[in-house]
Amino acid sequence: MTTALETRPGVRDSFGMHLRHWREHRRLSQLDLAQEAQISTRHLSYVETGRSAPSREMVLRLVARLDVPLRERNALLVAAGYAPMYHQRALDDPALVAARGAVDLVLKGHEPYPALAVDRHWNQVAHNALAPLLRTGAEPALLQHPLNVLRLSLHPEGMARRIVNLAQWRAHVLERLAQQIAATGDPVLKALRDELAAYPVADPGPPPTGELSGVVVPLQLRTETGVLSFISTTTIFGSPVDVTLQELAIESFFPADAATAQALMALVGAV
């Protein structure tokens, strides 16, 4: 069966097709969206079918109500005949010096615990000195640029063979990807989720243990110093108007128990 993601409009498709795609992806009827955008259902129907051309203000109002990501807002603006509104720069662009400085400050400030920054497809773009400890023993091919941290974590030749609670961590990763796909409609993320879901789980391991096991899903890694247990948080930029910044996330790992905290403090001097 063909899905909405597989029929995603291309760069040559009309604004109406893009709009209908996002409306259906958000599971809204024309009436629902019309009420949200405070326009008539007839006018919205005319816009979707191409009988009426939307103003730039109307495009921006509709994409805001549909919570369309900035990258896709640019695509809808272009499809409607207007110039893109949101810049997309490399993280090392001079215009993003302050933002890159903030990322580096957060990563460095999180030591002696691991932290890394990823783009919208979970490719690593920066990390602190402790992050490489998480991927010790992974096959070199998985560490080549672009390094996809989710592929690395679940691949049988990556971190998966060292994750004690692999079944629980795998379910957590796949669910998180599913939520991102629902929010963004990104077919690359869907392909990544399908790939990760197909990886074998030969030994799922026992359920996680510890004080936080009933609250969050920890990442429990088998290492030379014993099992290290982490919980993670995600940091994003508030109110970004740049595509790159909206799609950037910092994943910070905290010790989930005292033994892990002590082990990391002992290791930090050797990094």
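It should be noted that the structure appears before, not after, this text.
Novice: I keep staring at the pairing of strand S1 (residues 115–118) and nothing clicks. Help me out?
Specialist: The side chains of a regular strand alternate, first on one face of the sheet and then on the other. On S1, burial covers both faces: Ala115 and Ala117 on one face and Leu116 and Val118 on the other are all buried. Looking at chain direction, S1 and strand S5 (residues 249–255) are connected through four bridges and run antiparallel. The partner of Ala117 across the bridge, within S5, is Ile250. Bridge count for S1 against strand S2 (residues 124–127) is three bridges, and the pairing is antiparallel. Of the residues in S2, the one forming a bridge with Leu116 is His127. Turn length for the S1-S2 hairpin, with the two strands adjacent in sequence and antiparallel, is five residues, and the turn residue Trp122 shows positive phi of about 70°.

Novice: Hey, could you run me through the packing of helix H2 (residues 30–37) against helix H3 (residues 41–49) in this one?
Specialist: Geometrically, a packed helix pair is captured by the angle between its two axes and the distance between the axes. One way to put it is that H2 packs onto H3 with a least axis distance of 9 Å and a crossing angle of 110°. Our classification of the angle between H2 and H3 gives roughly perpendicular. The handedness of the crossing between H2 and H3 is right-handed. Residues Gln30, Leu31, Leu33 and Ala34 of H2 lie in contact with H3, whose contacting residues are Thr41, Leu44, Ser45 and Glu48. Of the residues in the contact of H2 with H3, the class split is four nonpolar, three polar and one charged.

Novice: How should the environment of Met58 be read in this particular structure?
Specialist: Looking at where Met58 falls in the secondary structure, it is placed in helix H4 (residues 56–65). Separated by 194 residues in the primary sequence, Met58 and Ser252 place their C-alpha atoms 39 Å from one another. Setting aside its immediate chain neighbours within four residues, Met58 contacts Ile39 and His43.

Novice: What is the right way to read the sheet that holds S5 from this model?
Specialist: The strands that make up a sheet pair up through hydrogen bonds in the backbone, lying either parallel or antiparallel. If you walk across this open sheet you meet the five strands as S2-S1-S5-S4-S3, and the pairing is antiparallel. With one partner strand each, in any of the chains shown, S2 and strand S3 (219–223) form the two edges of the open sheet. Across the sheet, the axes of successive neighbouring strands diverge by a mean angle of 30°, strand direction being ignored.

Novice: Explain the pattern of salt bridges to me, please; I cannot follow it from the model alone.
Specialist: Pairing is possible between side chains of opposite charge, provided their charged atoms come close. Applying the stated rule across the entire model yields eleven salt bridges. Among the ionic pairs, Glu111 bridges to Lys108, the shortest N-O distance being 3.1 Å. Given the relative accessible area of 22%, Glu111 is considered partly exposed. You can call Lys108 exposed: its relative accessible area is 55%. Between Arg151 and Glu195 there is a salt bridge, and its shortest N-O distance comes to 2.8 Å. One end of the pair, Arg151, is in helix H7 (residues 149–154); the other, Glu195, is in helix H9 (residues 187–197), with 44 residues separating them in the sequence. Glu195 sits in the partly exposed class, given a relative accessible area of 27%. A single network of salt bridges, built from pairs that share partners, joins Arg71, Arg120, Asp186 and Glu247.

Novice: Which parts of the structure should I look at to understand the side chain of Asp186?
Specialist: By secondary structure assignment, the location of Asp186 is in the loop between helix H8 (166–184) and H9. The class for Asp186 is buried, based on a relative accessible area of 10%. In this structure the side chain of Asp186 is engaged in a polar contact, spanning 2.8 Å, whose partner is the backbone nitrogen of Val188.

Novice: What should I look at first to understand the packing of aromatic side chains in this one?
Specialist: The geometry of an aromatic ring pair comes down to the distance between the two centres and the angle between the two planes. In this structure the tally under the stated criterion is two aromatic pairs. With a centroid separation of 6.5 Å and 50° between ring planes, the pair formed by Tyr113 and Phe254 is classed as tilted. Of this pair, Tyr113 sits in the loop between helix H6 (97–109) and S1 while Phe254 sits in strand S5; the two residues are 141 residues apart in sequence, bridging distant segments of the chain. Measuring from centroid to centroid gives 6.2 Å for Phe230 and Phe253, while their planes differ by 85°, and the two rings are edge-to-face. Here Phe253 lies in strand S5 and Phe230 lies in strand S4 (residues 226–236), a separation of 23 residues in the sequence. Across the ring face of Tyr46, the terminal group of Arg51 is positioned such that the distance to the ring centre comes to 4.1 Å.

Novice: Even after reading the chapter, I still don't get helix H1 (residues 15–25), so can you show me in this structure?
Specialist: Summarising burial for H1: eight of the eleven residues are buried, a large majority. Among the residues of H1, those classed as buried are Phe15, Gly16, His18, Leu19, His21, Trp22, Arg23 and His25. Downstream of H1 by a residue or two, Arg27 has a phi angle that is positive, lying close to 60°.

Novice: What am I meant to see in the packing of H4 against helix H5 (residues 70–79) here?
Specialist: Following both chains from N to C, one finds H4 and H5 inclined at 150°, their axes separated by 10 Å at the closest point. The hand of the H4/H5 crossing is right-handed. On the side of H4, the interface is formed by Arg56, Val59, Leu60, Val63 and Ala64, while H5 contributes Arg73, Leu76 and Leu77.

The rules behind these values
Residues numbered from 1 in each chain as written. Predicted model: local features only at pLDDT ≥ 70, side-chain atom pairs only at ≥ 80, totals over all residues. Heavy atoms only, no water. Buried < 20%, exposed > 50% of the residue type's maximum accessible area, 1.4 Å probe, protein only. Helix = DSSP H or I, 4+ residues; strand = E, 2+ residues; numbered from the N terminus. Pairing = 2+ DSSP bridges. Axes fitted to C-alpha atoms, helices over the stretch in contact; angles between N-to-C directions. Parallel < 35°, antiparallel > 145°, perpendicular 65-115°, else oblique. Left-handed = near helix turned anticlockwise from the far one by under 90°. Contact = heavy atoms within 4.5 Å. Nonpolar A, V, L, I, M, F, W, Y, C, P; charged D, E, K, R; others polar. Salt bridge = Lys/Arg side-chain N within 4 Å of Asp/Glu carboxyl O. Polar contact = N/O pair within 3.5 Å; in protein donor to acceptor, adjacent residues only side chain to side chain. Phe/Tyr/Trp six-rings, centres within 6.5 Å; stacked < 30°, edge-to-face > 60°. Lys NZ or Arg CZ within 6 Å of the ring centre and 35° of its normal.

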